[in-house]
Protein chains: 6
Amino acid sequence: MLTLKTWSTKPHFWLPRSDKDLLEMADFEEAKDKVLMGTARRSMVISEEEKRNTAYHEAGHTLVARMIPGTDPIHKVTIIPRGRSLGLTQQLPIDEKHTYPKKYLLNNLAVLMGGRAAEELVLNQTTTGAGNDIERVTETARKMVCEWGMSEKLGPLTFGQREELIFLGRELAQRRDYSEETAVLIDKEVTRLVSEAYERAKKIIQENMDALHALAQALLERETLAESDIDAIIAGDVPAPKL
Amino acid sequence: MLTLKTWSTKPHFWLPRSDKDLLEMADFEEAKDKVLMGTARRSMVISEEEKRNTAYHEAGHTLVARMIPGTDPIHKVTIIPRGRSLGLTQQLPIDEKHTYPKKYLLNNLAVLMGGRAAEELVLNQTTTGAGNDIERVTETARKMVCEWGMSEKLGPLTFGQREELIFLGRELAQRRDYSEETAVLIDKEVTRLVSEAYERAKKIIQENMDALHALAQALLERETLAESDIDAIIAGDVPAPKL
Amino acid sequence: MLTLKTWSTKPHFWLPRSDKDLLEMADFEEAKDKVLMGTARRSMVISEEEKRNTAYHEAGHTLVARMIPGTDPIHKVTIIPRGRSLGLTQQLPIDEKHTYPKKYLLNNLAVLMGGRAAEELVLNQTTTGAGNDIERVTETARKMVCEWGMSEKLGPLTFGQREELIFLGRELAQRRDYSEETAVLIDKEVTRLVSEAYERAKKIIQENMDALHALAQALLERETLAESDIDAIIAGDVPAPKL
Amino acid sequence: MLTLKTWSTKPHFWLPRSDKDLLEMADFEEAKDKVLMGTARRSMVISEEEKRNTAYHEAGHTLVARMIPGTDPIHKVTIIPRGRSLGLTQQLPIDEKHTYPKKYLLNNLAVLMGGRAAEELVLNQTTTGAGNDIERVTETARKMVCEWGMSEKLGPLTFGQREELIFLGRELAQRRDYSEETAVLIDKEVTRLVSEAYERAKKIIQENMDALHALAQALLERETLAESDIDAIIAGDVPAPKL
Amino acid sequence: MLTLKTWSTKPHFWLPRSDKDLLEMADFEEAKDKVLMGTARRSMVISEEEKRNTAYHEAGHTLVARMIPGTDPIHKVTIIPRGRSLGLTQQLPIDEKHTYPKKYLLNNLAVLMGGRAAEELVLNQTTTGAGNDIERVTETARKMVCEWGMSEKLGPLTFGQREELIFLGRELAQRRDYSEETAVLIDKEVTRLVSEAYERAKKIIQENMDALHALAQALLERETLAESDIDAIIAGDVPAPKL
Amino acid sequence: MLTLKTWSTKPHFWLPRSDKDLLEMADFEEAKDKVLMGTARRSMVISEEEKRNTAYHEAGHTLVARMIPGTDPIHKVTIIPRGRSLGLTQQLPIDEKHTYPKKYLLNNLAVLMGGRAAEELVLNQTTTGAGNDIERVTETARKMVCEWGMSEKLGPLTFGQREELIFLGRELAQRRDYSEETAVLIDKEVTRLVSEAYERAKKIIQENMDALHALAQALLERETLAESDIDAIIAGDVPAPKL
C-alpha cells in the first residue's frame, strides 16, 4: 500500500480531517472525488426504493461499459450520493485522447444509456434521475451529426453557425443556418443514433441479467465497488443476489 | 397535545400576535402557511358562488389524490383565501424524493387536473381559477417529454437547448433546436399526457360523486379539513350534503 | 341626496374647482372619472357625423350588456369625450370577482363587440374607433384559449411560455413554444370565439333595433345616461327617436 | 387681403427675411410649409424629365382626390422641391377627425396611388419617386386588416402583438403571434386593398385624361396651384396643354 | 488645358506631393480618386493572370454600359488597383438625379453584371472578384421589388418593416412581416431580375466580342482609358488585340 | 545555407533559446510556426493509434494537394503537435492572390477533404479530428453559393444580409432574408459541393494508395517532411512502407 508522509502539520482543506500521520491511497481518492463532485452526503435520507433504483441504474452503466470491448475501464462505481448526484460510475481512460473515433463515441452513447436501460428492464419504470444522461447523450449525438460529420445521410459538413457574444465572454448559442428540410434530417439522424445506443444497451443487459442483479445487489450491500470487485462479480465469483 | 414554551418574551413576526404563554401545534401550522402562502385573508369578500366553486375545485384535487394509490397523502385542504389563491390542497410526501418515477408524475398530473374536472362535472363550467393548475400541468408534461425522455414516441432524448444568460444570473429561455416536424410530435405527446390525466381525473370523480359532494359540503361548512377528516368523509362516516 | 362637508379648506386637485361648501355625489362621480379616464373635453370639436357614430357605438355596447342576463349592470353611458376616448359605457360589477367563468367571459366578448355591431348595422360602416374594442376582444379570446384552457379543441393546456425580463422589471413577451400546426388551431379557435361574439351582438341589436335608436337618440340629446334612464328607454317609456 | 402688423421688430426665424412692415397671408403659408416640410429648394437642379414626371405624379394625386366625393379638399399642389420631396399635394380636412371610417381610408389609398398611376399611364414608367407613397399605402392597408378589423376575411380581430421596449421609451416592433396560414391571409388582404386602390386610381385618371394633362401642364408653367386654380383647370376653363 | 495657381504654399494632403507651381486637371482627378477610393497601389504585386482577369472584368462593365442607350456615360476605366479594388469602371451621370425610373435601374443591373459576364464568356471562369458586384445587384433588385413596387407580380406594396434601433443611432435590420408564400414570390422576382440582367449583359458582350477584346487589351497596355479612348476602341479605330 | 548574424545580443522571445552566434533558416522556420500556430508540443503524450491516424490524415491532405494541378505547393507536412492541432499540412501560394477563381476554390475543398478521406479509406473510421476541416469546407462552400454567386442553380446573387452590430465593433450574424424554398436550394448546393469534393479526394487517394502509405510511413518515421521529401516519396524514390 502506498503511504505518504503528510507534508505539512496543517492539512489542506481537502485532506481528511483526522489525526492520521500517514496518508493512504484512499485519502487521495476521497480528496479527488470531493474536488470533482462535491462532498459525500452520507447523512442524506434516501428511501429504500430510490436506493435500489440508483443501484440498478449505476449497475447498468457499469455492465454496458464492461461488456463493450474498447470502452474506457471502470475505475469505480458507487451509490454514495455526492454533490447533486445519487450515484456515479467512473470510467478512467487508459491513454490521454485528443481525438475520438466514431466507434468510441457510439460506445459512449451506449454506456450513457445503460442506466435508464437497466431501470426500464428490471424495475419497469423510467425516472427523472436519467435526465442528465439523456442530456449528455443528446448533446453528443447532435455533435456527431452537426459538428463532426459522422452521419452518412448528412455528409462531412457542419450545421449551425456558432454565435459568439463577445461582451458575454462566451459562446451563447448556435444559430440555425439551414433549411427546415435539413432540420428534419438532423433530428432523424440524432434520434437514430440515440435509439440504436439505447437498444444496444438493453440487449447487453438482457443477455447479462444475472450480472446486473449481482452488481446491483453488491452495490446495495457495499455501496462502492472497485474495478477488481466488478470483474469478480461479473465473472460470477460472487453468488447471485436474492431479490 | 404538543405545547412549547415560547423561547423569547419578544415573539418573532410569524408567531401569533397573542399573549399566549404556550405555543400549540396549530400556531406552527399557521406560521408555516403564512411564510409559504402569505397571510390568511379571512376578511376578503367572496361571493357564495365563488366559494362554492372553490370548495368543489379543492374537493376535486383532494378526491383524486386520495383515490390514486401512491400519491402523496393530503395534509389538509382549505378554502380560506391566503395570498393570491382562494383555496389550497396541501399534499405532504411520506419520504424525501430526489428522483421522480414516470408513474408518480402521471399521478400528479391527474391530481392537478382534479380541480377543473370537479368544476366541469358538477358546476358544468370552467373558470379562470384553474389557470395556475393548467400552467403547472403543461409545464410538467412538457418536461416529461422534452427533458426526461418519458415519451416513447420521442425517445430518450432532450429537446430544446437551455440558454443561460449569465448577465441576468438566470436561465432565460429554452431555445428550440429541433425541426417543425419534431415540434408537432412534442405538441401531440404533451397534449396526450394532459388529456389522459384530465380524463382519468374526471373518471375518478364520476365514480365517487358522493364523496365529492360530501367533501365540498364539509369545506363550505368547516373551511379547513385535516387528513383524518377527509378520510372519514370519503369513507361515508359523514352524511351526504343536501345541495 | 348625499352631501359632504369638504374636509379641508384647500380642496384636492381632483375636486371641483368651485366655491361650493358641500360636495354632492356628482362631484365624486366627476372626480372618479377624472382620475380613471382623464379630464372631460367638453370644448373638443367633434363633427355631427362622429357624434352620431359615437352615440350608436356606445348604445350598442349598452344594449348588448343589458340584453344578456348575467353581465355586470351598466353604471352609465356617455358621449362626452374624456382623455383619449370619444365615449364610454361603464359597467359596474355587483360583487367583487376573483375568478371568471367561461360564460361570463363569453358575455363580455359580446358586449365588447356591441359597439362595432351597432355601427355596422345602422350606419353601414366600420371605423377605426372600434380599434381598442377589437384589441381587447382579441386579447381576452386569446387568453381563454392559451392561458385558461377554455377551448375544447386545444384542451386544458397553456400555450406560449412567458418570458420575464428581470432587468426590465416586467414581463416582455410570450415566447411561442408550440408547433405551427398548433398555431393554426389557436388562430382558428380565437377567431371562432370573436366571430361568435360578433354574431351574437349583431343578433341582439337586430332584435332590439328600436331600443338602439332610442338609446342613441337619448345620448345625442342628453350626452350622459344613468342606469335608470337606460332601463326606461329600453322599456319604451321614452318615445322612439325620429332619424 | 389679410395683413398683419409684425408683432416684434426682431422677426422670428420662420418669418420671411425681408423688410416688410406687414405680413401677408402668403408669408404665413410659406412659414407653415417651412416648418412642416423644410426650406423650399428653388435653386435645386432638376432635369426637365424629372420635372415633368413630378408634375404628372402630383397631378395624379390631385385629380384622384378631386374626383372621389368625400375626400379632403386639395389645399394646394406644387412642384417646388422642399425638404426631401420634389413635389407635394396638400389636402386639408374640412373638420377635425378623431376616427376614420373604412370608406374614408379606402379613398385615401386611392389618392395615395394616384401619383404612380399617372406616371404609369402617361409616361409608361414607374420610378423610385413613388417609394414613400407605396410605404404609406402599405402601412395603412396593413393597419386596416391587422389593427382595425376592416377585412371581412379576417374579422374584427387584431393580429400582431405590440412589443413596447420601455427602456427605449418607444414601441419597437410588432411581434407576430399568429400562424403562417393567417400570415398568408393577411398578405392577400393587404395586397387586395392596395391593388383595388391602384386600379381605382388608374380608372379615374383614364376617364379624366384631359384634366390630368391640363393639371400637369399648369404645374409645369406655374409650379404651384391653389384650390381654385385646380377647380378651374379640371372644369376645362383652362385650355388643354400641348404635349 | 485647365491650369490653376495653387492657392496656398502649403499644399493640402490630397494634393500631389510635388514641387509643381500649377495644378493640372489630372491632379484634381487623382485627388478625387484618392478621396473616394483610397490611394493608388501601383506597387501592389498582381499576377499576369489576375491582371488579365481584371482587364476583361472592367472591359465587360464598360462595354455593357456603352452599348445600352440611356446609361450614364463612362468617365474612365482603369486596372490600377486603388483601396480594396483591383480595377474600376467609373460612370458619371449627365444630370443630377433625384428619382430613378425602373428602366434606368434595369440598365444598371445589366452594367453591374457586365464584369462577371465577360469573365465567364472569355475566360470561362467565375472568381470571387465579382462578389461586390453581386452584392450590389442583389440589393438593388431586392429594393426594386420590396421598396419601390417595381414587380408586377407583387404590386405597388412595400415588404419588410424597417426596424430602427434608436440607441444605435441607425437602422439595424429590416424585419420580415410577410408570409413564407410572399417570401417565395419575392425570391423568384429578385432572382428573375438579376438573371435577366445577366443574360442581357452576356448577349451584349457576345455580340460585341471584338470590342471586348480590344478594350481589355488596351487596358492591359495603357492601364487607364478615358471616355474618348473607349469610344475610339469600340468604334474599331484601334486594331484588335492579338491574344 | 543562409545564415544571419543575430542583430541583438538579447534575442527576441521567438528566437531559439540557444547560444548560437548565427541564425540558420531552420530557426526562422521554427519562429514562424511558433508565431502562427503556437509552441511545438514535443513532450505531449500521444498514443500510437492517434499518431498513426494523424500521419494518414496529413498524408491525405498532402497527396490530394500534390495530385491536383494548380493547387498551391506543399511547403511542409508534419505530425509534431503544435498549439491545438496534432498535425499540419502547410501550403504556400506561388503568387499573392487577391481574387480566387471557382476552380481554385473547388481544388481547395478537395484538399481540405483529403485528411478525412484517407482516414476513412485506410483506417476505416472517422474521428473528431477532422472537425476543423469540416467547418472550413462548409464555410467555403457556403460562401461560394451565398456570397460569390458560384452556384448555377442559385445564380449570381447574394443570400443572407450581414448584420453589423456597431456597438460590438464587429459583424455578429448573417440574417436570413430568403424563403424556406431558397434555403432548401442553398443546402442542396452546399452539400453537393462538399460531397463532390469528398468523392474527388477519395478517388485521388484510392488511385495513389501506395503513395499515401509511403507518405504516412515517412511521417511516422521522420515527423516532418519538406517539399522535396514529399516529391521523392510520391515519385517512389522511397521504398513503400511495411504495414
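Remember, predicted model here, so these are calculated numbers, not experimental data.

Draft legend 1. Looking closely at the overall build of chain A. When helices and strands are counted, chain A shows seven helices and seven strands. Starting at the N terminus and ending at the C terminus, chain A contains elements arranged as β-β-α-α-β-β-α-α-β-β-α-α-β-α. Looking at the 243 residues of chain A, the share that counts as buried comes to 40%. Restricting the contact set of chain A to residue pairs at least 6 apart, pairs at least 24 apart contribute 64%.

Draft legend 2. Highlighting the pairing of strand S3 (residues 74-78) of chain B. Residues and elements named next belong to chain B. Of the pairings in the sheet, the one linking S3 to strand S4 (residues 88-91) comprises four bridges and is antiparallel in character. Among the inter-strand pairings, Lys76 is bridged to a residue of S4, identified as Gln90. Strand direction decides the pairing type here: S3 and strand S7 (residues 224-226), joined by three bridges, are antiparallel. Within the sheet, the bridge partner assigned to Thr78 lies in S7 and is Thr224.

Draft legend 3. Main features of the confidence of the model for chain A. All names here are of chain A. When pLDDT is averaged along chain A, the result is 85; 84% of the residues meet or exceed 70. Of all secondary-structure elements in chain A, the lowest mean pLDDT belongs to strand S1 (residues 3-5), at 37, while helix H5 (residues 180-207) reaches the highest, 98. Confidence drops under a pLDDT of 50 for residues 165-173, and excluding neighbours within four residues, the segment shows 13 contacts in the predicted structure. In the model output, the complex is listed with pTM 0.88 alongside ipTM 0.85.

Draft legend 4. Up close: the nonpolar core. Residues Leu215 of chain A, Leu215 of chain B, Leu215 of chain C, Leu215 of chain D, Leu215 of chain E together with Leu215 of chain F are the most contacted members of the largest nonpolar core, which totals 316 residues. Residue contacts for Leu215 of chain B: discarding those within four places in its chain leaves Ala59, Thr62, Leu63, Ile230 and Ile233 of chain B.

Draft legend 5. Summary view of the interface of chain A and chain B. The interface of chain A with chain B comprises 30 residues on the first partner and 25 residues on the second. When contributions to the side of chain A that touches chain B are tallied by element, the ones reaching two or more residues are helix H2 (48-67), helix H3 (102-123), helix H4 (131-146), strand S6 (170-175) and H5 of chain A. Class assignment of the residues belonging to the side of chain A that touches chain B gives a composition of 14 nonpolar, eleven polar and five charged.

Draft legend 6. Structural context of the relation of the copies chain A and chain B. In the superposition of chain A on chain B (RMSD 0.0 Å, axial shift 0.0 Å), the rotation amounts to 60°. A rotation of that kind, with that shift, is consistent with a six-fold axis. Judged by C-alpha distance, Glu180 of chain A is the residue of chain A that lies nearest the rotation axis, at 7.2 Å. When the interface residues of chain A are mapped onto chain B, a mere 3% of them again fall at the interface, so the copies present different faces.

Draft legend 7. Fine view of helix H2 (residues 48-67) of chain F. In this model, H2 of chain F (20 residues) spans 28 Å end to end at C-alpha, consistent with the 28 Å of a helix rising 1.5 Å per residue. Across the 20 residues of H2 of chain F, 15 count as buried, placing the element largely inside the fold.

Draft legend 8. Layout of the interface of chain F and chain E. Taken together, the 25 residues of chain F in the interface contact 30 residues of chain E. Listed by contribution, the elements that provide at least two residues to the side of chain F that touches chain E are helix H3 (102-123) and helix H5 (180-207) of chain F. Broken down by element, the side of chain F that touches chain E gets its largest block of residues, three residues, from H5 of chain F. Looking at the side of chain F that touches chain E residue by residue, the classes come out as nine nonpolar, seven polar and nine charged.

Draft legend 9. Main features of the sheet that holds strand S4 (residues 88-91) of chain E. Residue and element names in this part refer to chain E. Strand order in the open sheet formed by three strands is S4-S3-S7, with antiparallel pairing between adjacent strands. The sheet is open, and its two borders are formed by S4 and strand S7 (224-226), each paired with just one other strand. In this sheet, adjacent strand axes meet at a mean angle of 10° when their direction is disregarded.

Draft legend 10. Just the environment of Pro93 of chain C, in detail. All names here are of chain C. Within the element layout of this structure, Pro93 appears in the loop between strand S4 (88-91) and helix H3 (102-123). Among the residues examined, Pro93 registers 11 C-beta atoms within 10 Å and is labelled exposed. For the pair formed by Pro93 and His75, sequence separation is 18 residues and the distance between their alpha carbons is 9.1 Å.

Draft legend 11. Quick peek at the relation of the copies chain F and chain E. Turning chain F through 60° and shifting it by 0.0 Å along the axis lays it on chain E, with an RMSD of 0.0 Å. Residue by residue, only 4% of the interface of chain F is reproduced at the interface of chain E, so the copies engage with different surfaces.

Draft legend 12. Region of interest: the packing of helix H6 (residues 209-222) of chain E against helix H7 (residues 227-234) of chain E. Residues and elements named next belong to chain E. Contact geometry for H6 and H7: axes closest at 9 Å, N-to-C directions at 140°. Accordingly, the angle class assigned to the pair H6 and H7 is oblique. Taken as a pair, H6 and H7 cross one another with a handedness that is right-handed. Taking contact as the criterion, the partners of Ala211, Ala214, Leu215 and Ala218 in H6 are, on H7, Asp229, Ile230, Ile233 and Ile234. Of the residues assigned to the contact of H6 with H7, the class counts are seven nonpolar, no polar and one charged.

Draft legend 13. Summary view of the sheet that holds strand S3 (residues 74-78) of chain F. All names here are of chain F. With antiparallel pairing, the three strands of this open sheet are ordered in space as S4-S3-S7. Across the chains shown, the open sheet's two edge strands, defined by having one partner strand only, are strand S4 (88-91) and strand S7 (224-226). Averaged over all pairs of adjacent strands, the angle between their axes in this sheet comes to 10°, without regard to strand direction.

Draft legend 14. How the structure looks around the environment of Asn208 of chain A. Residues and elements named next belong to chain A. Tracing the backbone shows Asn208 in the loop between H5 and helix H6 (209-222). Given 17 C-beta atoms within a 10 Å radius, Asn208 is considered partly exposed. Once you skip the residues sitting within four places of it in the chain, Asn208 turns out to touch Leu63 and Met67.

Draft legend 15. Highlighting unusual backbone geometry. Residue Asn124 of chain B is not a glycine yet carries a positive backbone phi of 55°. Summarising the element assignment, Asn124 of chain B is placed in the loop between helix H3 (102-123) and helix H4 (131-146).

Draft legend 16. Up close: the environment of Thr71 of chain C. Residues and elements named next belong to chain C. As for its placement among the helices and strands, Thr71 is situated in the loop between helix H2 (48-67) and strand S3 (74-78). Residue classification places Thr71 among the partly exposed residues on the basis of 17 C-beta atoms within 10 Å. Expressed as a C-alpha distance, the spacing of Thr71 and Met144, which sit 73 residues apart in the sequence, is 18 Å. Apart from residues no more than four positions distant in its own chain, Thr71 is found in contact with Ala65, Asn107 and Val111.

Analysis parameters
- Residues numbered from 1 in each chain as written.
- Chains lettered and ligands numbered in written order.
- Predicted model: local features only at pLDDT ≥ 70, side-chain atom pairs only at ≥ 80, totals over all residues.
- Helix = DSSP H or I, 4+ residues; strand = E, 2+ residues; numbered from the N terminus.
- Buried ≥ 20, exposed ≤ 12 C-beta atoms within 10 Å, placed from the backbone.
- Contact = placed C-beta atoms within 7 Å.
- Pairing = 2+ DSSP bridges.
- pLDDT = per-residue confidence, 0-100.
- Core = buried A, V, L, I, M, F, W, Y, C linked by C-beta atoms within 7 Å.
- Nonpolar A, V, L, I, M, F, W, Y, C, P; charged D, E, K, R; others polar.
- Least-squares fit on C-alpha atoms with pLDDT ≥ 70 in both.
- Expected span 1.5 Å × (residues − 1).
- Axes fitted to C-alpha atoms, helices over the stretch in contact; angles between N-to-C directions.
- Parallel < 35°, antiparallel > 145°, perpendicular 65-115°, else oblique.
- Left-handed = near helix turned anticlockwise from the far one by under 90°.

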